[in-house]
Amino acid sequence: MELGIGMFGDLAFDQATGKYRDAGTRIYEILEQVKLMDEVGIDVFAMGEHHREDYAVSSPEMILAAAAGVTKNIRLASGVTVLSSSEPVKVYEDFSTLDLISNGRAEVFVGRGSFVESFPLYGYSLDDYKELFDEKLELLLKINSQENVSWSGKLRAPMENQTVYPRAKNNGKLSIWRAVGGTEQSFLDAAQLGMPLVVAIIGGMHSHFKNLIELYKQEYQKAGHDVTNRQVAVSSHTFVSNDQNVINQYFHKYKSRMDRIRIPKGCDPYTRMQYEKERGKDGALFIGSSAEVADKIAYMKEQFGITRFTGQMDVGDPGHDLMMKSIELFGKEVKPRIQNL
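Fair warning: this is a prediction, and the values are worked out from it, not measured in the lab. (Residues numbered from 1 in each chain as written. Predicted model: local features only at pLDDT ≥ 70, side-chain atom pairs only at ≥ 80, totals over all residues. Heavy atoms only, no water.)

## Let's talk about the side chain of Ser-78
So the rule is basically this: Secondary structure elements are taken from DSSP: a helix is a run of H or I of four residues or more, a strand is a run of E of two residues or more, and numbering for both begins at the N terminus. Exposed residues in this analysis have more than 50% of their type's maximum accessible area, buried residues have under 20%, and partly exposed residues fall in between, with area computed by a 1.4 Å probe over protein chains only. Contacts were defined at the residue level, with two residues in contact if any of their heavy atoms lie within 4.5 Å.
When you line up the elements, Ser-78 lands in strand β5 (residues 75-78). By relative accessible area, Ser-78 is classed as buried at 0%. Setting aside chain neighbours within four positions, we find Ser-78 in contact with Ala-46, Met-47, Leu-64, Phe-95, Glu-107, Val-108 and Phe-109.

## Let's talk about the packing of aromatic side chains
How two aromatic rings sit relative to each other is set out by the distance from centre to centre and by the angle between their planes. This is how the line gets drawn: For Phe, Tyr and Trp, where Trp contributes only its six-membered ring, two rings pair if their centres lie within 6.5 Å, and the inter-plane angle classes them as stacked under 30 degrees, edge-to-face over 60, or tilted in between. Put simply, a charge is over a ring when the Lys NZ or the Arg CZ is close to the ring centre, within 6 Å, and near the line of the ring normal, within 35 degrees.
A complete count under the given rule lists 13 aromatic pairs for this structure. With 5.0 Å between their ring centres and 65 degrees between their planes, Phe-13 and Tyr-20 make a pair best called edge-to-face. Each member of the aromatic cluster is reached from another via a ring pair, and the members are Phe-239, Tyr-250, Phe-251, Tyr-254, Tyr-270 and Tyr-275. A cation over an aromatic ring shows up here: Lys-281 above the ring of Tyr-299, its NZ or CZ 4.5 Å from the ring centre. Against the face of Phe-286 rests Lys-296, its NZ or CZ located 5.0 Å from the ring centre.

## Remarks on the environment of Phe-251
Here Phe-251 is to be found in helix α8 (residues 244-262). You can call Phe-251 buried: its relative accessible area is 6%. A sequence separation of 229 residues divides Phe-251 from Asp-22, and the C-alpha atoms of the two residues are 22 Å apart. When sequence neighbours within four positions are dropped, the list of residues in contact with Phe-251 reads Tyr-270, Thr-271, Arg-272 and Tyr-275.

## Notes on unusual backbone geometry
The amide bond that connects Gly-79 to the next residue, Val-80, takes the cis arrangement and shows omega of 15 degrees. Tracing the backbone through its elements, the reader meets Val-80 in the loop between β5 and β6 (81-82). Following Tyr-165, the chain continues into Pro-166 via a peptide bond in cis, with omega recorded as 0 degrees. Tracing the sequence through the fold places Pro-166 in the loop between β9 (159-163) and β10 (175-180). A positive phi is found at Asn-161, a non-glycine position, where the angle reads about 50 degrees. You can see Asn-161 is positioned in strand β9. Take Asn-161: its relative accessible area is 58%, and that puts it in the exposed class. The residue Asn-171 is not glycine, and still its phi comes out positive at about 55 degrees. Among the secondary structure elements, Asn-171 is positioned in the loop between β9 and β10. Residue classification places Asn-171 among the exposed positions, given a relative accessible area of 67%.

Here it is, written out as structure tokens:
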């Protein structure tokens, strides 16, 4: 089973200054952290996309290209590319270029996105939320499978025998994963297309997703796809420390981030009780000691049959030193415990 680390480029809010931490500093730290991931044997790094003042990264492709220059083996993925508000031709061009820079290490996770700031920013209507994604995914997959493209849709100008270059290393084909939340139709669509699946489980109990993952597996096989190629990944909030005081204090960082998302949506503030419950065996948080996190990943592997786990590790911006230690433990202590599963 593969082990990955994802990031969003979270920026902590400084109550004293009333400002978020400097984005340039955070980006520099991310590159140092990815370099360490490569050194300790992490399989995949996924960089998220946000268009808000409390996140440092709006262009994952730029960060991944920079990361390619300081790493040798780790695969480099978007986590996720908000395809509904992106241009499929440019997505392919950017990631095929990244693939060439990194000698074949690029991956793309595509999704609708749970944050919608990019829609008005790039001039798209939320009324077309689903249609934009479906149409653009169709075009991206076609570009990925052939050099000369003829295609037409309703929301984008048609392409007539046009070529898209440069081509990725694997006969022009990128590894494109479908990133999903809890919507059943998304699991069905991914299965019918034969796409590898990334399931974001970022709250509550991860057992709630078992039936959806089983549905994906069944429909994947029914659609006639080779089950030996089927891949299922889970991405969940993760932080590793063998110091219980650090885990206890991390709650405040985690709560700060969750409240900035939840309260504007009318939800109640995040509580310590939720934190501790979700850190339990069936909860969605992989926050704890190396042994606790490894055992929980092993349990998820047993329950869901996943082929990859990605820990979303910078939630709340824990700080560079704590992040480096968490990454080190993830690679040197968590991975050896699960690598033979």
